[in-house]
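# Observations on chain architecture
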Amino acid sequence: MQTHSQAAPGALEFVRRFLNTWSIPNQTRVEVDELPLFVSDADKWREELWLHPRAESDTLERLSELRSDLRKSCEGLDDHQLLNAWLARVALSVKVVPAEGGAPGLYVTSADTSYVASTLASVANAISSGTWSRLKTCDDCRWAFYDNTRNGSKRWCGMTKGGVEGRACGTIAKVAAFRARAAAKKSPMSEGG
Ligand SMILES: [Zn+2]
């Protein structure tokens, strides 16, 4: 399996892929929603979102709503009410398991085998392990990426284009910031002169 810096650990990677079924490609800057295609094509679903099969209850409408609300959580636009509402809708169970350093940790499973319920279990586990806050959406294009940086300060989906899912948002933002700084340096001189 090919790995790259944007990939999230474990099951969270499939949540990330799910979020990115909605995107704004850099080339066009026009919103693309691939979810209808995934829902209608079982092969494509297995290829990209294979961890959990789609159940009858996983309608396009329900999946779209979940995706939208999970995105809001990643974008800091949910004060946990949306997530809590989703968690209340599905049957989840919690087990105590050994975690890092031998300390007790929590592991959430779902008796309900729907994609929605399994995804919510993955989200709950990510919250429990502290990785959920590292699943972010790009300030610029809103692409979902996992922040692998040490201090968790990443704001753009990719600093260079050309890699897997490579984009240039960070580069574009850096160039814009450089130009803004250059313009700010110039302007006092031009005002003075
Ligand atoms: Zn971006």
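The structure under discussion appears in the preceding block.
About the cut-offs
Residues numbered from 1 in each chain as written. Predicted model: local features only at pLDDT ≥ 70, side-chain atom pairs only at ≥ 80, totals over all residues. Heavy atoms only, no water. Helix = DSSP H or I, 4+ residues; strand = E, 2+ residues; numbered from the N terminus. Buried < 20%, exposed > 50% of the residue type's maximum accessible area, 1.4 Å probe, protein only. Phe/Tyr/Trp six-rings, centres within 6.5 Å; stacked < 30°, edge-to-face > 60°. Core = buried A, V, L, I, M, F, W, Y, C linked by side-chain atoms within 4.5 Å. Contact = heavy atoms within 4.5 Å.

### So, unusual backbone geometry
Although it is not a glycine, H80 sits at a positive phi angle of roughly 80 degrees. Relative to the helices and strands, H80 resides in the loop between helix 4 (60-74) and helix 5 (81-89). Note on H80: relative accessible area 53%, which makes it exposed.

### Considerations on the packing of aromatic side chains
Summed over the entire model, instances satisfying the criterion amount to two aromatic pairs. Taken together, a centroid distance of 5.2 Å and an interplanar angle of 65 degrees make the contact between F18 and Y115 edge-to-face. Placement of F18 in helix 1 (residues 12-19) and of Y115 in helix 6 (residues 115-129) is noted, with a sequence separation of 97 residues between them. Residue classification places F18 among the buried positions, given a relative accessible area of 0%. A relative accessible area of 1% means that Y115 is categorised as buried. Aromatic side chains W45 and Y115 sit 4.8 Å apart centroid to centroid with 70 degrees between the ring planes, which places their arrangement in the edge-to-face category.

### Thoughts on the nonpolar core
Counting residues in hydrophobic clusters, the biggest one holds 27 residues, and the most contacted among them are L12, F18, L63, L70 and W132. Counting residues per element, the ones that place at least two in this core are helix 1, helix 2 (35-40), helix 3 (42-49), helix 4, helix 5, helix 6 and strand 6 (144-146). Broken down by element, the residue count for this core peaks at six residues, all from helix 6. Apart from residues no more than four positions distant in its own chain, L12 is found in contact with A126, T131, W132, L135 and Y146. C138, F145, W156 and C157 belong to the second largest nonpolar core, which has seven residues in total.

### Quick notes on the environment of Y107
Residue position: Y107 is located in strand 4 (residues 104-110). Separated by 15 residues in sequence, Y107 and S122 have C-alpha atoms that sit 9.2 Å apart. Sequence-distant contacts of Y107, defined by excluding residues within four places in its chain, comprise S93, V94, K95, V97 and N125.

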